[in-house]
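Inside the fold
If you want the building blocks of each chain, they are given just below.
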Amino acid sequence: MDAVFRIQVFSLDLLKNLSRTVKTDIRVRVGELAESSSQGAQAVPSRRLYPVSWRRIQIEQADIQPGMNVLEIGSGGVNAAYLAEMVGDQGRVVTVDIDPDVTARARDFLKTTGHRNVTVITGDGGSGALDFSPFDRIVVTVQAADIPSPWVHQLKEGGRLVVPLRMRGMTRTVAFVRDDQRLISDGFELCGFVPMQGTGENRMRVDLIHDVEGEEIGLRLDGHPEPDTKALAEALTMPRCEEWSGVTLAGDESNEHLDLWLATALDNLPLLAARPAARERGLVASSSPLGIPTLVEGGSFAYRTVRRTDDPGRFELGAYGHGPEGRKVAERLVEEIRTWDREHRGDRAHIDVYPAGTPDDQLPRGARVIDRPHSRITISWP
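Residues numbered from 1 in each chain as written. Predicted model: local features only at pLDDT ≥ 70, side-chain atom pairs only at ≥ 80, totals over all residues. Heavy atoms only, no water.

**Brief notes about the packing of aromatic side chains**
Per the counting criterion, the structure on display carries three aromatic pairs. An angle of 90° between the planes, with centres 5.5 Å apart, marks the rings of W261 and W381 as edge-to-face. With W261 in helix α8 (residues 256–265) and W381 in the segment after β17 (375–380), this residue pair connects regions lying 120 residues apart in the sequence. The structure contains a cluster of three or more aromatic residues connected by ring pairs, namely W244, Y303 and Y320. Cation over ring: R240 sits above Y320, and NZ or CZ is 3.8 Å from the ring centre. (Phe/Tyr/Trp six-rings, centres within 6.5 Å; stacked < 30°, edge-to-face > 60°. Helix = DSSP H or I, 4+ residues; strand = E, 2+ residues; numbered from the N terminus. Lys NZ or Arg CZ within 6 Å of the ring centre and 35° of its normal.)

**Remarks on the sheet that holds strand β4 (residues 135–140)**
Pairing is mixed across the open sheet formed by 10 strands, whose spatial order is β3-β2-β1-β4-β5-β6-β7-β15-β17-β16. Whereas interior strands pair on both sides, the edge strands pair on one side only; in this sheet they are β3 (118–122) and β16 (368–371). This sheet shows a mean twist of 20° between the axes of neighbouring strands, independent of strand direction. Pairing of strand β5 (residues 155–167) with strand β6 (residues 170–179) involves eight bridges; the strand directions are antiparallel. Looking across to β6, one finds that R160 is bridged to V177. (Pairing = 2+ DSSP bridges. Axes fitted to C-alpha atoms, helices over the stretch in contact; angles between N-to-C directions.)

**A look at helix α4 (residues 78–87)**
Along α4, seven of the 10 residues are buried, which leaves the element largely enclosed by surrounding structure. Looking at the residues trailing α4, positive phi occurs at G88, about 75°. (Buried < 20%, exposed > 50% of the residue type's maximum accessible area, 1.4 Å probe, protein only.)

**Some remarks on the pattern of salt bridges**
Within the structure shown, the criterion is met by 24 salt bridges. With a closest N to O distance of 4.0 Å, R314 and E253 form a salt bridge. Taken together, the positions of R314 in strand β14 (residues 314–322) and E253 in the loop between β10 (241–250) and α8 put the pair 61 residues apart, joining distant regions of the chain. Owing to a relative accessible area of 25%, E253 belongs among the partly exposed residues under this scheme. Residues R307 and E316 are paired through a salt bridge, measuring 3.0 Å at the closest nitrogen-oxygen approach. The network of salt bridges with shared partners includes E253, R314, D341 and R345. (Salt bridge = Lys/Arg side-chain N within 4 Å of Asp/Glu carboxyl O.)

Here is the structure:
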């Protein structure tokens, strides 16, 4: 039996467990707010995401070559085995996880598959694995909100770091290339991963604006300004207004780049998460456990939505607003949707990482800057 087939056979049960883990994270990490990933009848159909495909994408982003020294953050065994096959007998894989039960399973799995070029370490992945550095590649399989400095320092110049990076509530698996002390993005994909634990842990917070049991609605916050939840709860009871952009998406066209543009252009854009019962009651038009981009201004807010057009294959983007200034806020959100369509629809954002403390004048001009304890993350557009 060849090695790749052996991995596929022995990984079946572990992959099933992994799938359950990630799906559970997607459903409950919003603070038990949502139990379904459905966004309702008005949602734009988009690509479904599965854990296995995320890992395939990451391996492609990493561009693993024979003989490389690879660090994996977040163990489990299966991914390490795939990496071990790619680096070959002359290469090495070091896999680190903070959970001893996870690393024990990884060791058992790798022993069963016969991979001897993998070292399993129980420890805080945020510290990397200094004794085995420098690394040609670092592949992070847990969601990170920051880039710990050891990852940069332990990566070879020109080496690649692939990480599911959360930026203002939105997660993308980004392929970075080290350029001295900074990391430059070389592409990214929409994804979802279990959040990191240990010193790098930085979970999002959910503030409720409707707390009736079973139909909760809240804002997912990731460094956003503190919301006036009392005023926003009152705004939710006011009649809804709507604004439409004239911008359309095809049924199979993702809105991931639009949402990243909105997160770049607008200062206070948390994510609105709601239980399906809240949608069924008409409190909100959409319910998503991951959250919908929502512009908040004082005691008013507006969230992105869509409606069907006369063309059955296209949907028009718009915004629903609530509160005393709901229409004004909705118009502002729609304005940025039009800006994206007019100026950036064919573009892709550029994501860079600089050390914490880097002066503003050394960052890309006009970029959205996300300050974390170890790094300054920038999002800029052509």
